Amino acid sequence: MTKTANTMWGGRFSAGPDAIMEAINASISFDQRLVAQDIAGSRAHAAMLAATGIISDSDAEAIRKGLLTVLSEIEGGDFAFSAALEDIHMNVEARLKEVVGEAAGRLHTARSRNDQVAVDFRLWVRDQCDAADSALAALQRALLDQAEAGADWVMPGFTHLQVAQPVTWGHHMLAYVDMLGRDRSRFADARRRMNLSPLGAAALAGTSFPIDRHMTAQALGFDGPMTNSLDAVSDRDFALEFLGAATICAVHLSRLAEELVIWSSAQFRFVKMSDRWSTGSSIMPQKRNPDAAELIRAKIGRIFGANVALTLVMKGLPLAYSKDMQEDKEQVFDAADTLMLALAAMAGMVGDMTANTDALRAAAGTGFSTATDLADWLVSALGLPFREAHHVTGSLVALAEAQGCDLPDLTLAQMRSVHAGIRADVFDVLGVDNSVASRTSFGGTAPVRVREAVGVWRKVLG
């Protein structure tokens, strides 16, 4: 049986879409998440239409009250969404007509679904930038607590996942605090650029009605209206920028998750994850699996995928609006949900984890980790050029390796067999505590620098 045309836009059509077309065309299954933004945009638009004399005050008031009724029904779970009405905009407008009658038909004056969805989506993504900032700040605070507690706990610093030099636990935690700080700045930058209103651009060319776009922009918390109507309805760079910031943030979360997986293993024993963030095995009773960290490491792939998917949707579209752009939302919704879940889980894990200071200290002294300190001592104490000091230190490492011991275990005589000028005070720089304490350069791992950095970040985070 042939369906009738959609009554919201079907004046030109004698027959409605068949089931397949309806299924591919409808977006209400996912864009209903935009309901709060859609109704906020419609309220601002109706108020502006009344203020400019385009519609009557009585119609605007009926629309305002009716929209609040519709929002209440949706939030209360008493609203029946219709796929035949395609999207959140038409579902809301159809119900508004049932609630307030003829006045509802005046709401869409001087507006298109093109600028309507653009403003809804901008508002939603803007909210996600704010949510991400709050979640990142919570994770930073959890890391700062760890950094402050372990400002002088010695652990190995790695390059190539090989022991390189001793560092402090606090210094390692602060590395992620700094990374997340840059993530927050990226979301803030993205938010600032997206905070312009497309409402009033209409389909693509603007409108002949005497609208006030600055009024609606201000009502919705935008810094002003977008300056080109074509651009306003046809670009999704604000969503791409959000996904770009989310992708970089996800990389940081994945790297931290990877470290927690490694550190909690029996081979490292650097940390113990709490029961809240660990699971057991159905067959091996001894197992304590860091599943939350592993799931974060895996789930962030969804964020990467969303970034690529939306980029591919947009890459070949001519101006202005194309239906392809309906495929922008599911990717961004999923990426935002995944990011928020990962940030919350990571904050919980970091807050609950316990560092094994004995294992950290024992590992810090392995792998000739103070070799660089020895080379630096040869430069400062004996005046050797660094390249010569590097060569002497390499020979001492080879000697210690042959003796089956670490550098501090070599005798002074053994050291002098490599370089006769070495003195007994060389042993003052070979301990891991001395090593980290000496790294007092700005941004260094010395406990005094860690505590200073923690203090700075406490002020930043408030």
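Analysis parameters
- Per-chain numbering applies: the sequence of each chain, read as written, is numbered from 1 onward.
- Reporting in this predicted model follows two pLDDT cut-offs: at least 70 for local features of residues, and 80 or more for side-chain atom pairs to be given and counted; totals over whole chains, interfaces and linings ignore these cut-offs and use all residues.
- As a rule here, side-chain values come from all non-hydrogen atoms in the structure, and water together with hydrogens is ignored.
- UniProt positions are given in the numbering used here, feature names are shortened, and annotations may be inferred rather than shown by experiment.
- Secondary structure elements follow DSSP: runs of H or I no shorter than four residues count as helices, runs of E no shorter than two count as strands, and numbering proceeds from the N terminus.
- Just to be clear, the radius of gyration here is over C-alpha atoms, and the globule rule we use is 2.2 Å times residues to the power 0.38.
- Each residue is assigned to one of three classes by its accessible area relative to the maximum for its type, calculated with a 1.4 Å probe on protein chains only: buried under 20%, partly exposed between the two thresholds, exposed over 50%.
- Contacts are assigned to residue pairs with any non-hydrogen atoms lying within 4.5 Å of each other.
- A pair of strands is treated as paired once DSSP finds two or more bridges between them.
- How far each domain reaches was decided by an automatic or database domain assignment.
- Nonpolar core, defined: a set of buried Ala, Val, Leu, Ile, Met, Phe, Trp, Tyr and Cys residues in which side-chain atoms within 4.5 Å join the residues together.
- Here the aromatic set is Phe, Tyr and Trp, taking the six-membered ring for Trp, and pairing holds for ring centres within 6.5 Å; pairs whose planes are under 30 degrees apart are stacked, those over 60 apart are edge-to-face, and all others are tilted.
- The criterion for a disulfide is a pair of cysteine sulfur atoms lying within 2.5 Å.
- Multiplying 1.5 Å by the helix residue count minus one yields the expected span of that helix.
- Axis lines are fitted to C-alpha atoms, over the contacting stretch for helices. Their N-to-C directions set the angle, which ranges from 0 to 180 degrees.
- Crossing handedness is defined as follows: a turn of the near helix away from the far one that is anticlockwise and smaller than a right angle gives a left-handed crossing, while the clockwise case is right-handed.
- In this count, Pro and Cys sit with the nonpolar residues alongside Ala, Val, Leu, Ile, Met, Phe, Trp and Tyr, while Asp, Glu, Lys and Arg are called charged and the others, Gly among them, polar.

Under the annotation held in an unreviewed UniProt entry, the protein chain carries the name Argininosuccinate lyase and is attributed to Loktanella fryxellensis. Recorded in UniProt for the protein chain, the comment headed Catalytic activity (unreviewed entry) runs: "2-(N(omega)-L-arginino)succinate = fumarate + L-arginine". Of the protein chain, the UniProt comment under Pathway (unreviewed entry) reads exactly: "Amino-acid biosynthesis; L-arginine biosynthesis; L-arginine from L-ornithine and carbamoyl phosphate: step 3/3."

Draft legend 1. Broad picture of the overall build of the protein chain. Within the protein chain, the regular secondary structure consists of 18 helices and four strands. Computed over its C-alpha atoms, the radius of gyration of the protein chain comes to 31 Å, more than 25% above the 23 Å expected for a compact globule of 462 residues. Along the three orthogonal principal directions, the C-alpha set of the protein chain runs to about 100 × 55 × 40 Å. For the protein chain, the residues scored as buried account for 48% of the 462 residues in total. A fraction of 74% describes how many contacts in the protein chain between residues 6 or more apart in sequence connect residues 24 or more apart.

Draft legend 2. Broad picture of the UniProt feature "domain: Argininosuccinate lyase C-terminal" (unreviewed entry) in the protein chain. Feature annotation in UniProt places "domain: Argininosuccinate lyase C-terminal" (unreviewed entry) on residues 368-437, given in this structure's numbering. Structurally, residues 368-437 is divided into 59% helix and 0% strand, and its ends, taken at the C-alpha atoms, are 17 Å apart.

Draft legend 3. The arrangement of the side chain of D59 in detail. With respect to the element layout, D59 can be found in helix α4 (residues 57-75). Apart from the residues lying within four places of it in its own chain, the contact partners of D59 are A103 and R106.

Draft legend 4. Expanded view of the pairing of strand β1 (residues 154-159). Here β1 runs beside strand β2 (residues 162-168); their pairing, made up of six bridges, is antiparallel. Directly across from V154, in β2, lies its bridge partner T168. Where β1 folds back on β2, the antiparallel hairpin that results is connected by two residues, among which H160 adopts a positive phi of roughly 60°.

Draft legend 5. Quick look at the domain arrangement of the protein chain. Assigned domains within the protein chain: domain 1 (20-109), domain 2 (117-146 + 169-213 + 220-357) and domain 3 (363-461). Computed over C-alpha atoms, the centres of domain 1 and domain 3 are 69 Å apart.

Draft legend 6. Just the nonpolar core, in detail. By size, the foremost hydrophobic cluster in this structure holds 101 residues, and its most contacted members are F187 and M346. It is helix α10 (residues 237-263) that contributes the most residues to this core, 15 residues altogether. Excluding residues that lie within four positions of it along the chain, M346 makes contacts with L139, L253, L256, A257, L260 and I296. Core analysis: the next-biggest nonpolar cluster, separate from the first, contains 18 residues, W377, A389, L407 and I422 among them.

Draft legend 7. Spotlight on the environment of M21. Mapped onto the secondary structure, M21 falls in helix α1 (residues 19-25). For M21, a relative accessible area of 41% puts it in the partly exposed group. Between the C-alpha atoms of M21 and H252, which are 231 residues apart in sequence, the distance is 42 Å.

Draft legend 8. Examining unusual backbone geometry more closely. Note that the residue after L319, namely A320, is joined by a cis bond; omega there is 10°. Mapped onto the elements of the fold, A320 is located in the loop between α11 (291-314) and α12 (329-352). Positive phi outside glycine occurs at A202, with the angle close to 60°. Its place among the elements puts A202 in the loop between α7 (169-194) and α8 (213-219). Overall, the relative accessible area of 8% leaves A202 in the buried class. In the Ramachandran plot, R269 falls in the positive-phi region, its phi being about 55° despite a non-glycine side chain. Inspection of the secondary structure puts R269 in the loop between α10 and β3 (271-272). A relative accessible area of 48% means that R269 is categorised as partly exposed.

Draft legend 9. The packing of aromatic side chains, seen in detail. All told, the structure shown has ten aromatic pairs when counted by the stated rule. Each ring, one from F121 and one from F333, has its centre 6.3 Å from the other, and the planes form 90°; the classification is edge-to-face. Here F121, found in helix α6 (residues 113-149), pairs with F333, found in helix α12; they are 212 residues apart in sequence, far enough to count as distant. Assessed through its relative accessible area of 0%, F121 is described here as buried. Here F187 and F242 contribute two aromatic rings whose centre-to-centre distance is 5.7 Å and whose plane-to-plane angle is 50°, an arrangement assigned as tilted. Here F242 lies in helix α10 and F187 lies in helix α7, a separation of 55 residues in the sequence.

Draft legend 10. Broad picture of the state of the cysteines. All chains considered together, the criterion is met by zero disulfides. The thiol of C249 is unpaired, and the distance to the nearest cysteine sulfur, on C129, comes to 12 Å. Looking at C249, the relative accessible area reads 0%, which means it is buried.

Draft legend 11. Molecular detail of the side chain of S27. Summarising the element assignment, S27 is placed in the loop between α1 and α2 (28-31). Under the relative-accessibility criterion, S27 is labelled buried at 3%. Excluding residues that lie within four positions of it along the chain, S27 makes contacts with E86, D87 and Q326.

Draft legend 12. Representation of helix α14 (residues 371-382) in the model. Here α14 spans 16 Å end to end across twelve residues, near enough to the 16 Å set by a 1.5 Å rise per residue. The inward-facing, buried residues of α14 abut α15 (386-403) and α17 (432-438). Backbone geometry just downstream of α14 places G383 in the positive-phi region, at approximately 75°.

Draft legend 13. A look at the packing of α10 against α12. Where α10 contacts α12, the axes come no closer than 10 Å and their chain directions differ by 30°. As for how α10 packs across α12, the hand of that crossing is left-handed. Residues A239, F242, L243, A246, C249, L253, L256, A257 and L260 of α10 pack against V332, A335, A336, L339, A342, L343, M346, M349 and V350 of α12. Per-class residue counts for the contact of α10 with α12 are 18 nonpolar, no polar and no charged.

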